[in-house]
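# Coordinates in review
What follows is the residue order along each chain.
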Amino acid sequence: MFKCFYPGRYYDSAYDIEYGEFYEKGYRGIIFDVDNTLVEHGAPVTKRAKDLFDRLHEIGYETCIISNNKEERVKPLADEVDSKYVSKANKPSPVNYIKAMDIMNCGKDNVFFVGDQIFTDVWGANRAGILSMLVKPIDKHEEIQIVLKRYLEKIVLFFYKRYCKKHGQTDDYKNKKYTFFSHSNNRFFMFNIRICLKISVAICKYYCKCEFFVKNIEFFFIFYLKIVAIF
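### What to know about the overall build of the chain
What the chain contains, in helices and strands, is nine helices and six strands. The burial tally for the chain puts 49% of its 231 residues in the buried class. At a minimum sequence separation of 6, the contacts of the chain that also span at least 24 residues come to 69%. For the chain, the exposed area adds up to about 12,000 Å²; of that, 53% sits on carbon and sulfur atoms.

### Details of the side chain of Ser13
You can see Ser13 is positioned in the loop between β1 (9–11) and α1 (19–24). Looking at Ser13, the relative accessible area reads 14%, which means it is buried. In contact with Ser13, not counting residues within four places along its chain, are Arg48 and Val135.

### With respect to the nonpolar core
Ranked by internal contacts, the top residues of the largest apolar core, which has 29 residues, are Tyr19, Phe22, Phe32, Ile65, Phe112 and Val114. At the level of elements, α1, β2 (29–32), α2 (47–59), α3 (71–80), β5 (111–115) and β6 (131–135) are the ones that each hand at least two residues to this core. In terms of residue count, the dominant contributor to this core is α2 (four residues). Setting aside anything within four residues of it in sequence, one finds Tyr19 in contact with Ala14, Ile30, Phe32, Leu52, Arg55, Leu56, Ile59, Tyr61, Phe112 and Val114.

### Points about the packing of aromatic side chains
Under the counting rule described, the total for this entry stands at 15 aromatic pairs. Plain terms: the ring middles of Phe5 and Trp123 are 5.2 Å apart, the flat faces sit at 65° to each other, and that makes the pair edge-to-face. Here the residue Phe5 occupies a position in the segment before β1, and Trp123 occupies one in helix α5 (residues 118–128), the gap between them amounting to 118 residues. As far as burial versus exposure is concerned, Phe5 and Trp123 are alike and both buried. Plain terms: the ring middles of Tyr27 and Phe112 are 5.5 Å apart, the flat faces sit at 80° to each other, and that makes the pair edge-to-face. Highlighted residues: Tyr27 in the loop between α1 and β2 and Phe112 in strand β5, separated in sequence by 85 residues. Residue Tyr27 shares its accessibility class with Phe112, and that shared class is buried. Its guanidinium or amino end placed over the ring of Phe22, Lys25 lies 5.0 Å from that ring's centre, counting from NZ or CZ.

### Things to note about the pairing of β2
The side chains of a regular strand alternate, residue by residue, between the two faces of the sheet. Every second residue of β2 is oriented toward a common face, with Gly29 and Ile31 on one face and Ile30 and Phe32 on the other, all of them buried. Here four bridges tie β2 to strand β3 (residues 62–66), and the two strands are oriented parallel to one another. By the bridge assignment, Phe32 is partnered in β3 with Ile65. Regarding the hand of the β-α-β motif, the stretch spanning β2, α2 and β3 is right-handed. Pairing of β2 with β5 involves four bridges; the strand directions are parallel. Bridge assignment links Gly29 to a residue of β5, and that residue is Val111.

### What to know about α5
An α-helical segment advances 3.6 residues per turn. Residues three or four places apart therefore align on the same side. In terms of burial, α5 is largely enclosed, as 10 of its 11 residues are buried. If you check which residues of α5 are buried, you get Ile118, Phe119, Thr120, Asp121, Val122, Trp123, Gly124, Ala125, Asn126 and Ala128. One or two positions beyond α5, positive phi appears at Gly129, with a value near 85°.

### Quick notes on the environment of Asp35
Along the chain, the position of Asp35 falls in the loop between β2 and α2. Taking the C-alpha atoms as reference points, Asp35 and Arg73, separated by 38 residues in sequence, lie 9.9 Å from one another. With residues near it in sequence (within four places) discarded, Asp35 still touches Glu40, His41, Gly42, Asn69, Arg73 and Asp116. Within the local environment of Asp35, its side chain forms a polar contact with the side chain of Arg73, the two groups lying 2.5 Å apart.

### What to know about a negative patch on the surface
Taken together, the side chains of Asp16, Glu18, Glu21 and Glu24 present a region of like negative charge at the surface. Residue position: Asp16 is located in the loop between β1 and α1.

Criteria and thresholds
- Residues numbered from 1 in each chain as written.
- Predicted model: local features only at pLDDT ≥ 70, side-chain atom pairs only at ≥ 80, totals over all residues.
- Heavy atoms only, no water.
- Helix = DSSP H or I, 4+ residues; strand = E, 2+ residues; numbered from the N terminus.
- Buried < 20%, exposed > 50% of the residue type's maximum accessible area, 1.4 Å probe, protein only.
- Contact = heavy atoms within 4.5 Å.
- Areas by Shrake-Rupley, 256 points an atom, 1.4 Å probe, with all protein chains shown as cover.
- Core = buried A, V, L, I, M, F, W, Y, C linked by side-chain atoms within 4.5 Å.
- Phe/Tyr/Trp six-rings, centres within 6.5 Å; stacked < 30°, edge-to-face > 60°.
- Lys NZ or Arg CZ within 6 Å of the ring centre and 35° of its normal.
- Pairing = 2+ DSSP bridges.
- Right-handed = clockwise from strand over helix to strand, strands pointing away.
- Polar contact = N/O pair within 3.5 Å; in protein donor to acceptor, adjacent residues only side chain to side chain.
- Patch = residues over 30% accessible without salt bridge, like charges linked within 9 Å, V, L, I, M, F, W, Y side chains within 5 Å.
- Salt bridge = Lys/Arg side-chain N within 4 Å of Asp/Glu carboxyl O.
- Lys, Arg positive; Asp, Glu negative; His and termini not counted.
- Charge placed at Lys NZ, Arg CZ, Asp CG, Glu CD.

This is the structure we're talking about:
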């Protein structure tokens, strides 16, 4: 049931991926997320990121950065690493993943995506029909709304790791089944995720009055998901 959120590959860092090997397999384009994938959230471009993109371009890759952030955040970073970009991408909508492929003159069979969030980055890439690669966030200190989403991600990762133990990591994204979450159910699921996050924020704001709820916030996430029949 969670397979629509499973990444094709899972790495410690975007800087650990064997890009040369994937090029040999026929991949020619890479779509990147920015914050906490290439650099810390809100941070300027680093030498490490510049060196990575220089190496990728030398190998022969086309690159495109897509972010839900505004252009004033995305464009300067993309210019620094000489990459194409799409801002206000509205992930997990697949629309701008497809736009990024068009910009790079690549197709679904020779592009992969690298990002750090399951419910925006990975899910969007899977919906677009391309290989998704999940990486661990660079910075552990994140905004509250992202921290709350990480609790939900832990649930998905638990089942993903169990799946990998049985079947191994897979980039067989074309054969994934999304029937439960397709069409109107995608909107239904995202609606319930938003409600869940709003409830959690309210609980956190109530911290000084009811510490019990905050200490058991993970339990309430799971309880809510059971209510909406995701389990």
